Amino acid sequence: MTDIANRIRQLQERIQQALANAGRPLDSARLLAVSKTFPVSDIRQAYDAGLRAFGENRVQEMAEKTAQLPQDCQWHLIGHLQANKVRLAVQHAVCIHSIDTPELLERLNRIAREENKAPSFMVEVNISGEASKFGASPDHVEALLAKHLDGPARPCGLMTVAPADASPDELHRLFASLRILRDQLEPRLGCQLPELSMGMSGDFEIALAEGATVIRVGSAIFGGRTYTH
Ligand SMILES: *Cc1c(COP(=O)(O)O)cnc(C)c1O
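A brief look at the structure comes next.

The rules behind the values
- Residues numbered from 1 in each chain as written.
- Predicted model: local features only at pLDDT ≥ 70, side-chain atom pairs only at ≥ 80, totals over all residues.
- Heavy atoms only, no water.
- Helix = DSSP H or I, 4+ residues; strand = E, 2+ residues; numbered from the N terminus.
- Rg over C-alpha atoms; globule rule 2.2 N^0.38 Å.
- Buried < 20%, exposed > 50% of the residue type's maximum accessible area, 1.4 Å probe, protein only.
- Areas by Shrake-Rupley, 256 points an atom, 1.4 Å probe, with all protein chains shown as cover.
- Lys, Arg positive; Asp, Glu negative; His and termini not counted.
- Charge placed at Lys NZ, Arg CZ, Asp CG, Glu CD.
- Disulfide = S-S within 2.5 Å.
- Contact = heavy atoms within 4.5 Å.
- Polar contact = N/O pair within 3.5 Å; in protein donor to acceptor, adjacent residues only side chain to side chain.
- Near = heavy atom within 4 Å.
- Nonpolar A, V, L, I, M, F, W, Y, C, P; charged D, E, K, R; others polar.
- Phe/Tyr/Trp six-rings, centres within 6.5 Å; stacked < 30°, edge-to-face > 60°.
- Lys NZ or Arg CZ within 6 Å of the ring centre and 35° of its normal.
- Expected span 1.5 Å × (residues − 1).
- Arc of directions from axis to C-beta.

1. Examining the overall build of the protein
When helices and strands are counted, the protein shows nine helices and eight strands. Taken against the 2.2 N^0.38 rule, which gives 17 Å for 229 residues, the C-alpha radius of gyration of the protein at 17 Å falls within 12% of a compact globule. Counting only C-alpha atoms, the protein reaches 50 × 40 × 30 Å along its principal axes. Looking at the 229 residues of the protein, the share that counts as buried comes to 52%. For the protein, the computed accessible surface area is about 10,600 Å², with 47% contributed by carbon and sulfur atoms. Considering the protein, the positive charge centre built from 25 side chains and the negative charge centre built from 28 side chains are found 4 Å apart.

Listed below in structure tokens is the structure:
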């Protein structure tokens, strides 16, 4: 077995354990393998180990990789989306995790209509309030979604990135607040937001304890990155 296959197996055991500890069904969260910066040959190993959902944070890099990997891979855009990359994103991603302004959502809907696509999307929320982070402020999410529920892009949930230096207590609090925000928005908007995309290699167990349905894990599968973006 390759290193990547081994790490995936160990990771899947940790995910199952974290879900069991939280009293959650074992199929209630999915692993998104974050393959940014890693070569197609590494992604192929993860594919051979059974993974199909991959996350990239640059649209161009995603487009190059989709062309070289099997058609049944599902690509998620998890990084900041620039306005001039929306069309390429719509052509390649089944889900965009990083919608954070009304203008971007309006553009996503317009281009999805033109491309005859119906991508799902999440609103990225800056739950910690860090100045350096992308994401809508929690107060703005309702207005952002309220005007745009008629698609064709389909809202499926909320996403957040926790600060790298947060303590476990702080992480519990931040992830719980994304869940609480979702629980408040559903009845107000009259729509379902089933997905909570939260948790990475260093904090996914805490995210699972707080209700994550999608965890975005890169380095725990593919190893350390020499650079990040
Ligand atoms: C890189 C990245 C991840 C994965 O981070 P790891 O620590 O390598 O697991 C998750 N989410 C986003 C938005 C990222 O940019």
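Here the narrative resumes, following the displayed structure.
2. Notes on the state of the cysteines
Joining two cysteines, a disulfide is a covalent bond between their sulfur atoms. Counted according to the given criterion, the structure contains zero disulfides. As a non-bridged cysteine, Cys-73 has Cys-95 as the owner of its nearest cysteine sulfur, 16 Å distant. When its relative accessible area of 8% is taken as the criterion, Cys-73 is described as buried. Cys-156 supplies the cysteine sulfur nearest to Cys-191, a cysteine that is in no disulfide, at a spacing of 10 Å.

3. Observations regarding helix H3 (residues 59-66)
The element H3 is extensively covered by neighbouring structure, given that six of its eight residues are classed as buried. Listed in full, the buried residues belonging to H3 are Val-59, Glu-61, Met-62, Ala-63, Lys-65 and Thr-66. Its buried side turned inward, H3 meets helix H2 (40-48), strand E2 (53-56), strand E3 (74-77) and helix H4 (86-92).

4. Let's talk about the side chain of His-97
The residue His-97 is located in strand E4 (residues 95-99) in this model. Classification of His-97 as buried rests on a relative accessible area of 0%. Separated by 2.9 Å, the side chains of His-97 and His-76 make a polar contact. Once residues within four sequence positions are removed from consideration, His-97 is found in contact with Leu-32, His-76, Leu-77, Ile-78, Met-122, Val-123, Glu-124, Met-159, Ser-197, Val-214 and Arg-216.

5. Looking at the site of the ligand
Residues in close proximity to the ligand total 13 residues, the closest being Lys-36, Ser-201, Gly-218, Ser-219 and Arg-225. With respect to the ligand, the side chain of Lys-36 contributes an N or O atom lying 2.7 Å from an oxygen atom. Between the ligand and Ser-219, the relevant distance is 2.8 Å, taken from an oxygen atom to a main-chain nitrogen or oxygen of the residue. Summarising the interface, the protein chains cover 88% of the accessible area of the ligand, which totals 390 Å² for the free molecule. When the residues that make up the shell around the ligand are grouped by side-chain class, the tally is six nonpolar, four polar and three charged.

6. Considerations on the packing of aromatic side chains
Overall, the coordinates contain two aromatic pairs when judged by the stated rule. With 5.1 Å between their ring centres and 25° between their planes, Phe-38 and Phe-222 make a pair best called stacked. You can see Phe-38 sitting in the loop between strand E1 (30-34) and H2 and its partner Phe-222 sitting in helix H9 (residues 219-222), a full 184 residues away along the chain. Note on Phe-54 and Trp-75: the rings are 5.5 Å apart at their centroids and 35° apart in plane angle, and the pair reads as tilted. Of this pair, Phe-54 sits in strand E2 while Trp-75 is found in strand E3, placing the two residues 21 residues apart along the sequence. We note that Phe-54, like Trp-75, is buried. The residue whose ring lies beneath Arg-52 is Tyr-47, and the NZ or CZ to ring-centre distance is 3.5 Å.

7. Observations regarding helix H1 (residues 3-21)
With 19 residues, H1 extends 27 Å from end C-alpha to end C-alpha; this agrees with the ideal 27 Å at 1.5 Å per step. Residues of H1 that are buried: Ile-4, Ala-5, Ile-8, Leu-11, Ile-15, Ala-18 and Leu-19. Take H1 and look down its axis: the buried residues cluster within an arc of 140°, on one side only. Opposite the buried face of H1, at more than 90 degrees from it, the exposed residues are Asp-3, Glu-13 and Asn-21. Here the buried face of H1 lies against E1, H2, helix H8 (204-209), strand E8 (214-217) and H9.

Read these as spatial facts, not as claims about activity.
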